[in-house]
Amino acid sequence: MKKIDRLIFVSQADTAAGPMAEAILQSKYLLDELDVTSKGLVVLFPEPINPKAEAVLAGKGLTMKEHMSDPLVREDFDERTLMLVFTDEVREKVLETFAPQHEEMVQVLHRFVGEAEGPQNPYGGSLAEYGQCYSVLEALIKKLVVQLNEEELLC
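In short, a report on the structure. (Residues numbered from 1 in each chain as written. Predicted model: local features only at pLDDT ≥ 70, side-chain atom pairs only at ≥ 80, totals over all residues. Heavy atoms only, no water.)

A short note on the packing of helix H1 (residues 17-26) against helix H5 (residues 127-154)
Okay, so step 1: For the pair H1 and H5, the least separation of the axes is 9 Å and the interaxial angle reads 45°. Relative to H5, H1 is oriented oblique. Along this stretch, H1 crosses H5, giving a crossing that reads as right-handed. Residues Ala 17, Met 20, Ala 21, Ile 24 and Leu 25 of H1 touch H5, and the partners they reach there are Tyr 130, Cys 133, Tyr 134, Leu 137, Glu 138, Ile 141, Leu 144 and Val 145.
Okay, so step 2: Classifying every residue of the contact of H1 with H5 by side-chain character gives 12 nonpolar, no polar and one charged. (Axes fitted to C-alpha atoms, helices over the stretch in contact; angles between N-to-C directions. Helix = DSSP H or I, 4+ residues; strand = E, 2+ residues; numbered from the N terminus. Parallel < 35°, antiparallel > 145°, perpendicular 65-115°, else oblique. Left-handed = near helix turned anticlockwise from the far one by under 90°. Contact = heavy atoms within 4.5 Å. Nonpolar A, V, L, I, M, F, W, Y, C, P; charged D, E, K, R; others polar.)

Considering the packing of aromatic side chains
Okay, so step 1: Applying the stated rule across the entire model yields two aromatic pairs.
Okay, so step 2: Taking 6.3 Å as the distance between ring centres and 5° as the angle between the ring planes, the aromatic pair formed by Phe 9 and Phe 86 counts as stacked. Of the two residues, Phe 9 is situated in strand E1 (residues 6-11) and Phe 86 in the loop between strand E3 (81-85) and helix H3 (88-97); the sequence distance between them amounts to 77 residues. In terms of burial, Phe 9 and Phe 86 fall into one category: buried.
Okay, so step 3: Look at Phe 77 and Phe 98: their rings are 5.6 Å apart centre to centre, the planes differ by 20°, and that puts the pair in the stacked class. Of the two residues, Phe 77 sits in the loop between helix H2 (51-59) and E3 while Phe 98 sits in the loop between H3 and strand E4 (106-108), which places them 21 residues apart along the sequence. Side by side, Phe 77 and Phe 98 carry an identical accessibility label, which is buried. (Phe/Tyr/Trp six-rings, centres within 6.5 Å; stacked < 30°, edge-to-face > 60°. Buried < 20%, exposed > 50% of the residue type's maximum accessible area, 1.4 Å probe, protein only.)

Remember that the coordinates give geometry; whether it matters functionally is a separate question.
This is the structure we're talking about:
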């Protein structure tokens, strides 16, 4: 894969899984500096992180309480920005709407790190479901960190 300078987690609304993934990755050690953020496909106006997602993060010593949802825009795409989505449907929508020419740079997180399944969307669910989403994201992001650091060593 090409060297990347920026990684964007793309979710539907950028109020739960995306910001949680952003917080988790920002808490990890990467060999190379990487701009990490999250964006949403459907963001009509800025919204804060879901309170249940923030509660789960706080329980892990993390926070995204200053986060406001941000829409994905065409200018976010280039050859040095990796977009990680959580479902095939979101990937298809991203490619269809914004960047069919950047297919290689828009990946489904769990497949990108070699896993069969990704997180379930916790929207509308219980605090426990948000916690489960966090746990799956944390496991996937641990693998992502190893992969990114290995790629950095090979460059």
